[in-house]
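# Topology and contacts: notes
Okay, here's what each chain looks like letter by letter:
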Amino acid sequence: MTVAELLEKGSSLLSQAHIDNFRNEARWIFESVFDCGREYIVFHFEEETDSVSAAEYIEKVQKRASGIPVQYVIGSWDFYGESFSVGEGVLIPRPETELLVDFALDYLKGKENPVVYDLCAGSGCVGLSVAKNCPDANVILIEKSTDAFVYLKRNFEKIGCKNSKIVCGDVLSGFDAFDFPKPDLILSNPPYIETAYIESLQPEVHHEPVMALDGGENGLVFYEAISKKWAQYGNAVAVECGEGQADSIKSLFSELFADVYSVKDYNGTERVVIGRKG
Ligand code: GLN
């Protein structure tokens, strides 16, 4: 089959499976299997593909058609200009989480060797992006799930930031449970979905680990732990949150910080809550 025929077959299989973004997803899977960019496709449209890779392509398209998120099928996903390894067992990095990194890089400007924590690090997309873009910072990433930790380690090794450290541990135990330096900045995109609400999420999300989604009965368990057991040691805290959660988090943070505010995402939802001293 030629490149064009194979892509057409992939697109039509995904379209039959009611995947909205079928053309792009068929192409993304192609680019990952054939390890090529978009330009390659444009310039080799009529060329024959090798049959082994073509078979692998169709197999991956079928996986996607069965409902597995495209990011897991591909095995990696871009975040803040870097490709992160992902798969079943770790949360897929979301574009809105880049706002947390934007805030961190801005906050850290001009600070000397700041200590930064990424709590509930998952793939490491937040903490490793900060470490990569702020070489002066020392970033400690903590993740409890051993399944997610496999990806965290892979990304840590791939990105190779010497100024970062990965730790398998439970954020709910608090800062005192770890023997690490005091934080300057604490970052977290913790699980924040209310337990009862998880079942009603989109089908794709059900492939992601419940542990990375479940924020307890009120969805706020991690924010409560961060404000009670971490925040008092830091100069600033920035967390991602779900729709409608910002006010509760602001009131938790205002017990500790003079300056508390939120940042909206591109949809106008209050997405990041920040607390900082003075
Ligand atoms: N911090 C990781 C991310 O933003 C994982 C978050 C989580 O597991 N809830 O993708």
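The structure reproduced in this document is the subject of the present report. (Residues numbered from 1 in each chain as written. Predicted model: local features only at pLDDT ≥ 70, side-chain atom pairs only at ≥ 80, totals over all residues. Heavy atoms only, no water.)

### A short note on the packing of aromatic side chains
Under the criterion given, the structure shown has 13 aromatic pairs. One aromatic cluster is present, built from ring pairs that chain together Y117, F175, F178, F180, W230 and Y233. (Phe/Tyr/Trp six-rings, centres within 6.5 Å; stacked < 30°, edge-to-face > 60°.)

### Brief notes about the pattern of salt bridges
In a structure, side chains of opposite charge can pair up when their charged atoms sit close to one another. Within this structure, the stated rule accounts for 14 salt bridges. Between R64 and E204 there is a salt bridge whose closest N-O contact spans 2.7 Å. With R64 in helix α4 (residues 51-65) and E204 in the loop between β6 (185-188) and α9 (221-229), this residue pair connects regions lying 140 residues apart in the sequence. For E204, a relative accessible area of 27% gives the class partly exposed. K109 is the partner of D106 in a salt bridge, and the nearest nitrogen-oxygen pair spans 3.4 Å. One network of salt bridges, with partners in common, ties together E25, R64 and E204. (Salt bridge = Lys/Arg side-chain N within 4 Å of Asp/Glu carboxyl O. Helix = DSSP H or I, 4+ residues; strand = E, 2+ residues; numbered from the N terminus. Buried < 20%, exposed > 50% of the residue type's maximum accessible area, 1.4 Å probe, protein only.)

### Quick word on the site of the ligand
In the vicinity of the ligand, the residues found are L91, T97, C120, A121, G122, C125, V126, N189, P190, P191 and A212. Between the ligand and the protein, one listed contact pairs a nitrogen atom with a backbone N or O atom of A121 at 3.3 Å. In this structure, A212 approaches the ligand through a main-chain N or O atom, which is 2.9 Å from a nitrogen atom. Contact with the protein chains covers 97% of the free accessible surface of the ligand, which is 300 Å². (Near = heavy atom within 4 Å. Polar contact = N/O pair within 3.5 Å; in protein donor to acceptor, adjacent residues only side chain to side chain. Areas by Shrake-Rupley, 256 points an atom, 1.4 Å probe, with all protein chains shown as cover.)

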